[in-house]
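Residues per chain, in single letters:
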Amino acid sequence: MFSSVARRYLLTSWRVQSLATHMLKSVVTCVAPQPNSFHIPQAQRRLFVAHCVQLPYQRPAGACVLIKGQQFHSSTQSHKRKKTQEEPQERELDLLRYDMKDLMKGPKPALYLGFSGLIPFVCAPLLMAVTEVYYPDVAFAQVAYGASILSFLGGARWGFALPEGSPAKPDWLNLANSVVPSLFAWVALLFRDSITESSVMVIMGLGIALHYDLALLPGYPSWFKALRTILTLVATFSLVATLIIKNVYPEKKLSEIFQKNN
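Description of the structure in this document. The shown structure was predicted, so the numbers you read here are calculated from the model rather than taken from an experiment.

Counting secondary structure elements, the chain contains 12 helices and two strands. Each helix (α) and strand (β) of the chain, taken in turn from the N terminus, gives the series α-α-β-β-α-α-α-α-α-α-α-α-α-α. Residues counted as buried form 27% of the 262 residues belonging to the chain. Of the contacts made within the chain by residues no fewer than 6 positions apart, 68% connect residues no fewer than 24 positions apart. As displayed, the chain has an accessible area near 19,300 Å², and 64% of this comes from carbon and sulfur atoms.

Scanning all chains against the criterion turns up four aromatic pairs. Taking 5.0 Å as the distance between ring centres and 65° as the angle between the ring planes, the aromatic pair formed by Phe121 and Tyr145 counts as edge-to-face. Separated by 24 residues along the polypeptide, Phe121 in helix α6 (residues 119-131) and Tyr145 in helix α7 (residues 136-161) bring together distant segments of the chain. Accessibility expressed as a relative area gives 3% for Phe121, which makes it buried.

With that out of the way, let us pick up unusual backbone geometry. Peptide bonds are trans in most cases, and residues, glycine excluded, mostly fall at negative phi. Phi is positive for Glu132, which is not a glycine, with a value near 60°. Within the secondary structure, Glu132 sits in the loop between α6 and α7. Owing to a relative accessible area of 48%, Glu132 belongs among the partly exposed residues under this scheme.

This part covers the environment of Val248. As for its position among the elements, Val248 is in helix α11 (residues 222-248). C-alpha of Val248 to C-alpha of Tyr134: the two residues are 114 residues apart in sequence and 8.3 Å apart in space.

We now examine the nonpolar core. Residues Tyr134, Leu150, Ile195, Val202, Leu206 and Leu227 are the most contacted members of the largest nonpolar core, which totals 31 residues. Only α6, α7, α9 (180-190), α10 (195-216) and α11 provide two or more residues apiece to this core.

Parameters and conventions
- Sequence order as written defines residue numbering, which begins from 1 separately in each chain.
- The model is predicted, so local features are restricted to residues of pLDDT at least 70 and side-chain atom pairs to those at 80 or more, both for listing and for counting; the totals for chains, interfaces and linings are taken over all residues.
- Side-chain measures here rest on the full set of heavy atoms in the structure, leaving out hydrogens and waters.
- Each helix corresponds to a stretch of at least 4 residues labelled H or I by DSSP, and each strand to a stretch of at least 2 residues labelled E; elements are numbered beginning at the N terminus.
- Relative accessibility decides the category of a residue: with a 1.4 Å probe and only protein chains considered, values under 20% of the type maximum give buried, values over 50% give exposed, and everything between is partly exposed.
- By definition, residues are in contact when any of their heavy atoms lie within 4.5 Å.
- A 1.4 Å probe and the Shrake-Rupley method give the accessible areas. Residues count as covered only by the protein chains that appear here.
- Classification of ring pairs uses Phe, Tyr and Trp, with its six-membered ring standing for Trp, and accepts pairs whose centres are within 6.5 Å; under 30 degrees between planes counts as stacked, over 60 as edge-to-face, and the remaining range as tilted.
- The term nonpolar core refers to a set of buried residues drawn from Ala, Val, Leu, Ile, Met, Phe, Trp, Tyr and Cys, joined through side-chain atoms within 4.5 Å.

Given below as structure tokens:
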């Protein structure tokens, strides 16, 4: 029994040894350079490895980075998609960037009539500056024209809000605030003997009407907002110029000039 066990042990060890020897020979023949194969010297291989170590590592586009269990995509296309998917911000009030560019897109009759409506505002201080005389009758005519413009602006808001399908609803916000410029115009005409107070009331009415149309009461197109801004600024500066001329040049009534000529 002992001899049979020893015989099996020797036979198994011999098989294992032969198998290991055969595997070692095959590995040596694979690793050893063949005479016709391309062989890189060891010194050059060391230089190449050292050079690769010094190069910075660049992650290819589209690679995924795993940080603390979260996956972040580093592709450049994802950033482009985010930029294109971002919704544009709402336009609140930016006259220089948006509305002024749309000024010439408005209807030609509205532009011509609007700018021609500045003639009575501009001609009054221009006449008094050229003659170097302050005419209270001309100044009051300018204020009366400004009061009529204030009433027109209030009526324009009513006409814009009443039709069906209009962006502005005929509610208390639109209709009640549209009456305010007419009230300023009425109070301005009550100060007939004081041009300063009447001019101030017209200036305040123009400013409040512009504030309503641009910020408080929405609905007007961009070209009309730009037109309203330009017309209001020119009219306001014209009224201010008349007040400055009143304090600079001597006063003379037109009736006195007509009596001297007759």
